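What follows is each chain in one-letter form.
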There are 2 protein chains.
Amino acid sequence: MSPREDTVLSTMQDVPLLISRILTHGSTVHGTSRVTTWTGEGEPHRRTFAEIGARAAQLAHALRADLGVGDDERIGTLAWNNAEHVEAYFAIPSMGAILHTLNLRLPPEQLAWIVNHAADRVVIANGSLLPLLAPLLPHLKTVEHVVVTGPGDRSLLDGATAQVHEYEDLIAGKPTTYDWPELDERSAAAMCYTSGTTGEPKGVVYSHRSIYLHSMQVNMAQSMGLTDQDTSLVVVPQFHVNAWGLPHATFMTGVNMLMPDRFLQPAPLAEMIESERPTHAAAVPTIWQGLLAELTARPRDVASLTQVTIGGSACPPSLMEAFDRLGMRVCHAWGMTETSPLGTVARPPAQAVGTEAEFAYRLTQGRFPAGVEARLTGPDGERLPWDGESAGELEVRGPWIAGAYYNGPAADPIRPADKFSEDNWLKTGDVGTISPDGYLTLTDRAKDVIKSGGEWISSVELENALMAHPDVTEAAVVAVPDEKWGERPLATVVLREGATADFAALRAFLGGDGGIAKWQLPERWAVIEAVPKTSVGKFDKKVLRRRYADGELEVTRL
Amino acid sequence: MSPREDTVLSTMQDVPLLISRILTHGSTVHGTSRVTTWTGEGEPHRRTFAEIGARAAQLAHALRADLGVGDDERIGTLAWNNAEHVEAYFAIPSMGAILHTLNLRLPPEQLAWIVNHAADRVVIANGSLLPLLAPLLPHLKTVEHVVVTGPGDRSLLDGATAQVHEYEDLIAGKPTTYDWPELDERSAAAMCYTSGTTGEPKGVVYSHRSIYLHSMQVNMAQSMGLTDQDTSLVVVPQFHVNAWGLPHATFMTGVNMLMPDRFLQPAPLAEMIESERPTHAAAVPTIWQGLLAELTARPRDVASLTQVTIGGSACPPSLMEAFDRLGMRVCHAWGMTETSPLGTVARPPAQAVGTEAEFAYRLTQGRFPAGVEARLTGPDGERLPWDGESAGELEVRGPWIAGAYYNGPAADPIRPADKFSEDNWLKTGDVGTISPDGYLTLTDRAKDVIKSGGEWISSVELENALMAHPDVTEAAVVAVPDEKWGERPLATVVLREGATADFAALRAFLGGDGGIAKWQLPERWAVIEAVPKTSVGKFDKKVLRRRYADGELEVTRL
């Protein structure tokens, strides 16, 4: 609206939403809350929020005064979840610089590409990660300083051209308070690169505003809903979408953090749950699978842990049931780097609680919070209804959702058309349905879905149905060109040892017990030795499509 | 920061925080949640959030098309808590106009002053309130339309110069969706006048941003923390600081609302708790005192109600204990019209839970959330420490805190120096202490505190100590001028029937069992018949100070 004759101005204060506010609040009002870091032997390391606040101020002074870090400069962190990483989380954005968390699981050449693309000038690294960092350093063109925290062999950095600093030496004696600048809440605070399996990694730059609002959402009772009575075991890495926003959210309400550092194996995780008694934990399903096996083999007292947030990929129903039996209530959530990540949380609606429908609701990706608008777009760009039936690509919009990717300092962000709609909604690349009451069920990735005669066929649905057949150990379904229908599904299966290929029987199985509609049943079939996988273990369907195009597969047509 | 060569832009979407987003979200994702309005006889009236959403759209169309309401125009509501009032709460700000809730408890002349000051063009009124509105109407200079909802004698409006409309007729047949405008989140959304006992009422204008952020805070687990599993009995009136933000907050997460309409007496409240089974309720202490007496006289099944938010004035310890015994956990909160109102919530810290200290924490005003910065200012303008000892005037800052008062359309807001500091913090007028862990304890009003030799003496503390003496039924302590100390306390007491005035004994009692420091003990004493009170039942100390100044009191000097 343009100002008019009778415009009424709000009389509210104009106070920006800044990470420094979360820091100051957490380290005063919740000053006695603690970050506990696992050390693998002996007592864990404990630091209060008040101490974290004081040390974050010292770190900011050191970065500014000793290392000359200016506004908007990128500071990389190559670190596990620990107290020093939390200090960096708050000090760097609060002083006006940008926290750039580096994913230590990436192939080294991709990591180097990302550091160079972000033009990080400083890297704060855990000593235990120097074996990864040292050989990379010569390829990092912009890194002038390396700051090392915790145990680890410093001699690995001998001969580095970057200056090497001890974290503790650097911050020692610095003032324990800092006059945090009153930044624009829309200014850049942190960045994280997506590790897409195709194309170059893409940088997402979070703002103070987006992180602050996301933290409030995480703390809402309908989301994670933690309070200062809780201790959260933050297994999801701090280098992975801000550890799902937990360090910021916990500081906002005084939730204690239990940080596993590099001890992410099932045995130490079980041990820290038993001895530190967290009430909440957050991690991807793989971690929980391992923990479950450990707890089955060697039972522990894990009664404190009553709430478990699972995201990253879908939680298998069997895993959810197993955790329920242990008294750990699983709450499913969906998100991605571009959504900060909180997109949905699967708390069942009031009317389903205590009924048979409850478990089905918990297996969905969940419900959108008020801050996330959602819509489904069909094969021809049409809007689809929230009827729980119509499958389309999920598009989202909101104050903590990306609307572009980073394109280098002083450059306008880029908005690739396959990632952002014309009206600037994020195209998630996920295909699914939304129920009338707002529950999202993802069925496929948009790049894997089969577009057959203007309708979509879910490759994942076909694969799951195939893998339910006793003769099939693995199955991958990909779209292949078809003259009549545009695309049709090609079913590739890995057979159980000793089984023989009977594609007609498999096809009949799909249409019968598999519950697949007739028009969706594959005509093209092939046996493969193994499903090709990406470096992170996902099905690599690109490879299968190429093999098909190159005539490398022996295809039977029914 | 000014843009620099290497400025990094956030890649987050720029999505405004708007009330229309809360409405759209609540009426879709939480479309089956309900607003239940008590009718006094027979079935209560029930409406789903989806229906509220549709009717809010109809109301907006009616206001725009039929009544010509434009952007920023003020629409007054003279209404109890009910479904139609909720519809107005969402329709009016969402369409770009301003919701102006009218306090029906105010003296009629003050109400007329406020409507004229805000220049309301439309008033939406409950039929049951027409006996209040009708005689006012001739004095309301800007009101062109009156829209009447619910039962009530319309003939009271016969002869009115304003056009009279039936709410249901007006919205009937209008489209049930509305293309809500994408407003600036800082634009005005709602206004509420303070009913200060001194001076003219002052208008506070909330923005979409402030209401949205406040709603998120209310929903945080550490604040009220409600979810769609809850039903909230909203006793605090919608004309009183947006019913503490509950209509917005509940719509944001699908919390069911139970609205008492005009049935605020103890008996119907007890009846609606028993039959509708709310899990949460919010009201001022007076309401709870009455309800407690009712439940004691006529026990009911109120087991559903486990969480009770009390604010508005301090909750007496005896009341808190009595509710605890009934299984209703009282949570104390502090706020004011200028703070939206959530300023503090008294949830005890983790380390106090289950200890003797817990109850003491619950009796404080509570702890500040991250969105509210607080500081204490002493008698000479100095900042005081958070030591739980130093008493100063509380000043607050934050995105849902007022930084000015309304000064008429197209006029810059006003910032009286006694209400706002030079750096634009709100001076609350409340005096108290803050503990190192951020708990606020209010001890007095700034205008009532006695400034004696550069130190503050709490009038409330002296009054409470005096009223603990068996001979004293009421006591009021006011500041009077003193040549040596600037100000000294004057103690005025109402004696128990048959008691005789022994001021020396009372003074000794204060210094002994009363626990008052010697330098704070009053020298000046007087017996009065009754403590003068304001229209809302608070001690009117202005009157006592004037009587003292005029020599009307018979003062004994010890």
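Note that the structure is predicted; figures quoted are calculated from it, not measured. (Residues numbered from 1 in each chain as written. Chains lettered and ligands numbered in written order. Predicted model: local features only at pLDDT ≥ 70, side-chain atom pairs only at ≥ 80, totals over all residues. Heavy atoms only, no water.)

Caption draft 1: Quick look at the sheet that holds strand 3 (residues 74–78) of chain B. Residue and element names in this part refer to chain B. Taken together, seven strands build an open sheet; the order of strands is 7-6-5-3-4-8-9 and the sheet is mixed. At either end of the open sheet lies a strand with only one pairing partner, and these are strand 7 (163–166) and strand 9 (202–207). Between one strand and the next, the sheet's axes are offset by a mean angle of 25°, whatever the strand orientation. Strand direction decides the pairing type here: strand 6 (residues 145–149) and strand 7, joined by four bridges, are parallel. Looking at strand 7, one finds that Val 146 is bridged to Val 164. (Pairing = 2+ DSSP bridges. Helix = DSSP H or I, 4+ residues; strand = E, 2+ residues; numbered from the N terminus. Axes fitted to C-alpha atoms, helices over the stretch in contact; angles between N-to-C directions.)

Caption draft 2: Layout of the side chain of Thr 194 of chain A. All names here are of chain A. Residue position: Thr 194 is located in strand 8 (residues 188–194). Taking the relative accessible area as the measure of exposure, Thr 194 reaches 11% and is therefore buried. With residues up to four places along the chain from it excluded, the contact list for Thr 194 reads Pro 201, Lys 202, Val 204, Thr 337 and Glu 338. (Buried < 20%, exposed > 50% of the residue type's maximum accessible area, 1.4 Å probe, protein only. Contact = heavy atoms within 4.5 Å.)

Caption draft 3: Spatial organisation of the domain arrangement of chain A. The domain boundaries assigned to chain A delineate domain 1 (19–342), domain 2 (346–447) and domain 3 (449–557). In this structure, domain 1 of chain A and domain 3 of chain A have C-alpha centres spaced 40 Å apart. (Domains from an automatic or database assignment.)

Caption draft 4: Region of interest: the relation of the copies chain A and chain B. Of the transformation placing chain A onto chain B, the axial shift is 0.0 Å and the rotation is 180°, giving an RMSD of 0.1 Å. Viewed as a symmetry operation, the transformation between the two copies matches a two-fold axis. Closest approach to the rotation axis among the C-alpha atoms of chain A is made by Met 220 of chain A, whose C-alpha sits 1.9 Å away. A shared interface surface links the copies, since 100% of the contact residues of chain A are contact residues in chain B too. (Least-squares fit on C-alpha atoms with pLDDT ≥ 70 in both.)

Caption draft 5: Layout of the sheet that holds strand 8 of chain A. Residue and element names in this part refer to chain A. Strand order in the open sheet formed by seven strands is 7-6-5-3-4-8-9, and the pairing between neighbours is mixed. The open sheet has two edge strands, strand 7 (163–166) and strand 9 (202–207), and neither has a second partner. Neighbour to neighbour, the strand axes of the sheet diverge by 25° on average, direction disregarded. Here strand 8 pairs with strand 9 via six bridges, running antiparallel. Note on strand 9: the bridge partner recorded for Thr 194 is Lys 202. Contacting strand 3 (74–78), strand 4 (98–101) and strand 8, helix 4 (residues 108–118) runs over the sheet at an angle of about 150° to strand 8.

Caption draft 6: Seen up close, the interface of chain A and chain B. Of the residues lining the interface, 89 residues belong to chain A; the matching set on chain B comes to 89 residues. In total, about 6,900 Å² of surface goes out of reach between chain A and chain B, with carbon and sulfur atoms giving 54% of it. Its largest share of buried area at the contact with chain B, chain A owes to Thr 11, Met 12 and Gln 13 of chain A, together 11% of the area lost on that side. Where chain A touches chain B, the interface holds 10 salt bridges. As a salt-bridge pair, Glu 185 of chain A and Arg 209 of chain B come within 2.8 Å of each other at their nearest N and O atoms. When contributions to the side of chain A that touches chain B are tallied by element, the ones reaching two or more residues are helix 1 (19–28), strand 9, helix 7 (208–219), helix 9 (246–253) and strand 19 (392–397) of chain A. Residue contributions to the side of chain A that touches chain B peak at seven residues, all from helix 7 of chain A. Considered class by class, the residues forming the side of chain A that touches chain B number 44 nonpolar, 26 polar and 19 charged. (Buried area = accessible area lost by both parts, 1.4 Å probe. Salt bridge = Lys/Arg side-chain N within 4 Å of Asp/Glu carboxyl O. Nonpolar A, V, L, I, M, F, W, Y, C, P; charged D, E, K, R; others polar.)

Caption draft 7: Inspection of the nonpolar core at higher detail. Core analysis: the biggest nonpolar cluster contains 164 residues, and Phe 251 and Leu 394 of chain A together with Phe 251 and Leu 394 of chain B have the highest contact counts within it. In terms of nonpolar packing, the next biggest core, distinct from the first, is built from 60 residues, Val 115, Ala 125, Leu 258 and Phe 263 of chain A among them. (Core = buried A, V, L, I, M, F, W, Y, C linked by side-chain atoms within 4.5 Å.)

Caption draft 8: Region of interest: the packing of helix 11 (residues 285–297) of chain A against helix 12 (residues 317–325) of chain A. All names here are of chain A. Their axes nearest at 11 Å, the elements helix 11 and helix 12 cross at an angle of 50°. Between helix 11 and helix 12, the crossing angle belongs to the class labelled oblique. Crossing geometry of helix 11 relative to helix 12 is assigned as left-handed. Contacts between helix 11 and helix 12 involve Pro 285, Trp 288, Gln 289, Leu 291 and Leu 292 from the former and Leu 319, Ala 322 and Phe 323 from the latter. Looking at the contact of helix 11 with helix 12, its residues break down into seven nonpolar, one polar and no charged. (Parallel < 35°, antiparallel > 145°, perpendicular 65-115°, else oblique. Left-handed = near helix turned anticlockwise from the far one by under 90°.)

Caption draft 9: Region of interest: helix 3 (residues 83–94) of chain B. All names here are of chain B. The terminal C-alpha atoms of helix 3, which comprises 12 residues, lie 17 Å apart, in line with the 16 Å expected from a rise of 1.5 Å per residue. Among the 12 residues that make up helix 3, 12 are buried, leaving the element largely enclosed by the rest of the structure. Those residues of helix 3 lying buried are Ala 83, Glu 84, His 85, Val 86, Glu 87, Ala 88, Tyr 89, Phe 90, Ala 91, Ile 92, Pro 93 and Ser 94. (Expected span 1.5 Å × (residues − 1).)

Caption draft 10: Examining the pattern of salt bridges more closely. Tallied over the full model, the rule gives 74 salt bridges over all chains. With a shortest N-O distance of 2.7 Å, Arg 186 of chain A and Asp 14 of chain B are connected by a salt bridge. Taken together, the positions of Arg 186 of chain A in the loop between helix 6 (167–171) and strand 8 and Asp 14 of chain B in the segment before helix 1 (19–28) put the pair across two chains. Shared partners join several salt bridges into a network, and the residues in it are Asp 14, Glu 185 and Arg 209 of chain A together with Glu 185, Arg 186 and Arg 209 of chain B.

Caption draft 11: Geometry of empty space enclosed by the protein. Throughout the structure, instances matching the rule amount to 12 cavities of 30 Å³ or more. If you add up the space inside the largest cavity, you get close to 130 Å³. Looking at the largest cavity, it is lined by 15 residues, and the ones nearest its centre are Gln 217, Gln 222, Arg 367, Phe 368 and Pro 369 of chain A. When the residues that make up the lining of the largest cavity are grouped by side-chain class, the tally is seven nonpolar, six polar and two charged. By volume, the second largest cavity amounts to about 110 Å³. Around the second largest cavity sit 14 residues that line it, and Gln 217, Gln 222, Arg 367, Phe 368 and Pro 369 of chain B are the ones nearest its centre. Of the residues contributing to the lining of the second largest cavity, the split by class is seven nonpolar, six polar and one charged. (1 Å grid on protein atoms, 1.4 Å probe; cavity = no way out; pocket = protein on both sides within 12 Å on 5 of 7 lines; lining within 4 Å. Points joined across faces, edges and corners; volume = space filled by probe spheres on them.)

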